[in-house]
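# Examining the three-dimensional arrangement
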Amino acid sequence: MTESTTIRWEQDETGIVTLVLDDPNQSANTMNQAFKDSIAAIAERAEAEKDSIRGIIYTSAKKTFFAGGDLKDMIQAGPENAQQAFDTGTAIKSSLRRIETLGKPVVAAINGAALGGGYEIALASHHRVALDAPGSKIGLPEVTLGLLPAGGGVTRTVRLMGIADALLKVLLQGTQYSPQRALENGLVHEVAATPEELLAKARAFIDANPESQQPWDKPGYKIPGGTPSNPKFAANLPAFPANLKKQLNGAPYPAPRNILAAAVEGSQVDFETALIIEARYFTELVTGQTAKNMIQAFFFDLQAVNSGANRPQGIEPRQVRKVAVLGAGMMGAGIAYSCARAGIDVVLKDVSAEAAAKGKAYSEKLCAKAVSRRRTAQEKADELLARITPTADPKDLAGCDAVIEAVFEDTALKHKVFQEIQNIVEPDALLCSNTSTLPITVLAEGVERQNDFIGLHFFSPVDKMPLVEIIKGEQTGDEALARAFDLVRQIKKTPIVVNDSRGFFTSRVIGHFINEGVAMVGEGIEPASVEQAAAQAGYPAKVLSLMDELTLTLPRKIRKESKQAVEEAGGTWQTHPAEAVIDRMVDEFGRTGRSGGAGFYEYGEDGKRGRLWPGLREHFTKPGYEIPFKDMQERMLFAEALDTVRLLEEGVLTSVADANIGSIFGIGFPGWTGGVLQYINGYDGGAGAGTGTGLPGFVARARELAERYGERFTPPALLVEKAEKGEKFADTK
Ligand code: NAI
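Residues numbered from 1 in each chain as written. Predicted model: local features only at pLDDT ≥ 70, side-chain atom pairs only at ≥ 80, totals over all residues.

If you look the chain up in an unreviewed UniProt entry, it shows as 3-hydroxyacyl-CoA dehydrogenase from Streptomyces dengpaensis. The Sequence similarities (unreviewed entry) comment attached to the chain in UniProt states, word for word, "In the central section; belongs to the 3-hydroxyacyl-CoA dehydrogenase family." (UniProt positions renumbered as here; feature names shortened; annotations may be inferred.)

This paragraph deals with the overall build of the chain. Each helix and strand in the chain was counted, giving 30 helices and 20 strands. By the compact-globule yardstick of 27 Å for 733 residues, the chain fits well, its C-alpha radius of gyration being 28 Å. Dimensions of the chain along its principal axes, counting C-alpha atoms only, are 85 × 65 × 55 Å. The buried share of the chain, taken over its 733 residues, is 49%. Here the analysis covers contacts within the chain between residues at least 6 apart in sequence; of these, 73% occur between residues at least 24 apart. (Helix = DSSP H or I, 4+ residues; strand = E, 2+ residues; numbered from the N terminus. Rg over C-alpha atoms; globule rule 2.2 N^0.38 Å. Buried ≥ 20, exposed ≤ 12 C-beta atoms within 10 Å, placed from the backbone. Contact = placed C-beta atoms within 7 Å.)

Our next topic: the pairing of strand E14 (residues 402-405). Looking along a regular strand, one sees the side chains alternate between the two faces of the sheet. Neither face of E14 is left uncovered, since the one carrying Ala402 and Ile404 and the one carrying Val403 and Glu405 both have all their residues buried. Strand direction decides the pairing type here: strand E11 (residues 322-326) and E14, joined by 4 bridges, are parallel. Bridge pairing in E14 places Val323 opposite Ala402. In this sheet, strand E15 (residues 430-433) lies alongside E14 in parallel orientation, the contact comprising 4 bridges. Bridging across to E15, Glu405 finds its partner in Ser433. (Pairing = 2+ DSSP bridges.)

Okay, the sheet that holds strand E17 (residues 467-472) next. Taken together, the 8 strands give an open sheet; going across it, the order is E13-E12-E11-E14-E15-E16-E17-E18, and neighbouring strands pair in mixed fashion. Because the sheet does not close on itself, it has two edges, and the strands there are strand E13 (388-391) and strand E18 (494-499). If you compare each strand with its neighbour and ignore which way they point, the axes differ by 25 degrees on average. Bridge count for E17 against E18 is 6 bridges, and the pairing is parallel. Following the sheet pairing, Glu469 is matched in E18 by Ile496. Running over the sheet, helix H14 (residues 330-341) touches E11, strand E12 (345-349), E13, E14 and strand E16 (453-458) and is turned about 170 degrees from E12. Relative to the sheet, helix H17 (residues 411-421) contacts E11, E14 and E15, its axis offset from that of E14 by approximately 155 degrees. (Axes fitted to C-alpha atoms, helices over the stretch in contact; angles between N-to-C directions.)

The environment of the ligand is made up of 24 residues, and the closest members are Gly327, Gly329, Met331, Ser436 and Ser460. Mapped onto the shell around the ligand, the elements with two or more residues apiece are H14, H17 and E16. In terms of residue count, the dominant contributor to the shell around the ligand is H14 (3 residues). Along the lines of polarity and charge, the residues of the shell around the ligand split into 13 nonpolar, 8 polar and 3 charged. (Near = placed C-beta within 6 Å. Nonpolar A, V, L, I, M, F, W, Y, C, P; charged D, E, K, R; others polar.)

The structure is reproduced here in structure tokens:
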């Protein structure tokens, strides 16, 4: 018999066996080889000693209950490992199934987070009790990594709650529930307040249900809500893939499709066959490129970025107590809310008391909404609001240990507001600007302590957008960088770090996406096709609508300043074909974007976006002119990816993980790619399909695009060199 090394068998005198999940070699339990052997040994022992067992409780000795599959293994899995991936999954499932059908009550005492594989162990139990531990999460988030839950997760949720609820509540969004919300949504049966109560409830279930069985193992069981073999259900079935397609907007995410297929097909067959169907669909995903991209970004890169791989070492972490937010407009109001939500006192300053109060009103609105949706208690909302003091008086900024400036985008004004307050705030206060385009080094010239000055670039809407781009100016000290990093983490956002340059990383790269979309309109391509290409490439915002949001005057202003800077440095400005289109839109047609009431789209009185402006077809579209749809998508994706490589060459970006995370979370680079540099690593010759051809394939394709559409697609030297050496973009730290 194999030995159990990661699960301890603890049997009490009453015959209750507690299976303590406790991998001695890892901080969290995962479905690795040792677990596979252990659970097999446990199943064998349980069967052998069945007569002495009264019931079984799964619990864990770790802070989390169980972490799920081993992602380090999964990211390696190529087509050649397909059979092995399939077999490992099957082996674990069959052991869990043997325990589930032993004829004894099985309870999951979920003492911490149970995501993915952790919740699947719980699903293989007859009763689920969750400890209401702070921050504890329950659910099947596999879809967010491009996978599906193949430890019985699809098969059992479908049988537990019916196809529709399983898909909508658990599988397709990968929602992570707090224990309380898991209870409300039927993922667990009970919640316990303390670890003692958790085990007491588990034992009570065993005492009360000596003959317990899973609902689906009882005679006469039917899947709740029906299955496709029921004519009423079958009539609704075609709506599922159609809705899914609509939701994905045609973007190439294979996991939701496979989840849907596994759920529907699995519902029509017996339990054991359903498990096999689920495993087949999983194997297809785990050996493909998209899951690798998504695991790289949403797990490894995110962990690297948040854990401070880019924070200077050896500097004591510091927490901000009281922050001054200068400017209570759209961004200042959002920044004030995010800081107050994290427990920081905020002094929100604008030119008048009314303007400052209006900024605070934004937090009032968000709080009222959160209370009405029961996402927060009234008491907590009141506490949050009490932390925000609106003012027009600089003296109220006394005692602030950090400043975040968000006044109009104007260097002289920004200099002025810092001068006004720099001797009122704490003498070592961290000085941050939320500029989206102005060089930090130039802004720093307006303050006495330039080494404490840094860029903190938030994204709109601040309360929803998880990213903050930290920009190091030439004079910025390591201490300021570490403190800025700590502040971003304190308000629970994700910090990426870049060096100063015009437009930094995010604003500069998103500009290439927009320029490419606009240029295609100028070439004569149907504007509706351009929008469709962006959506189907997986961009969350269509390119022309995004241009309208940002306003067409913005790229003109940036162009003017950048051109001047290039020429002052003795260089020649490279004209982009988008420029002529934007100039005509503004100068000839007076269309400046959404805020001006007219742009690439038409807008109603209420500012609501209507149809694409018919004048675009009249003035720009060449009837019958088309380029391959793939070229349209890749022109946008490549324009962003190529400039990101240039930013690495220039030393503006210093970390691959920061580039990947910043591109997805800051500027909407499609998530299926794993981020802008992982897109190059995993380039597969098309949007989503097949397996990687990597850097050489990307370089060849960039050259092809350069030949067809312009020199801007010429691959930079760094990329060519890496491709020739057979390297990939990877962090070495
Ligand atoms: P906004 O126009 O909504 O707000 C600016 C606020 O600054 C106004 O309330 C104004 O009264 C106030 N202000 C002007 N002079 C002031 C002074 N002397 N003292 C105190 N307050 C003063 O502008 P928004 O959109 O909030 O942008 C602010 C900054 O954030 C700009 O630098 C912008 O480039 C940057 N940013 C904007 C983003 C966006 O999506 N709008 C994204 C990231 C950064």
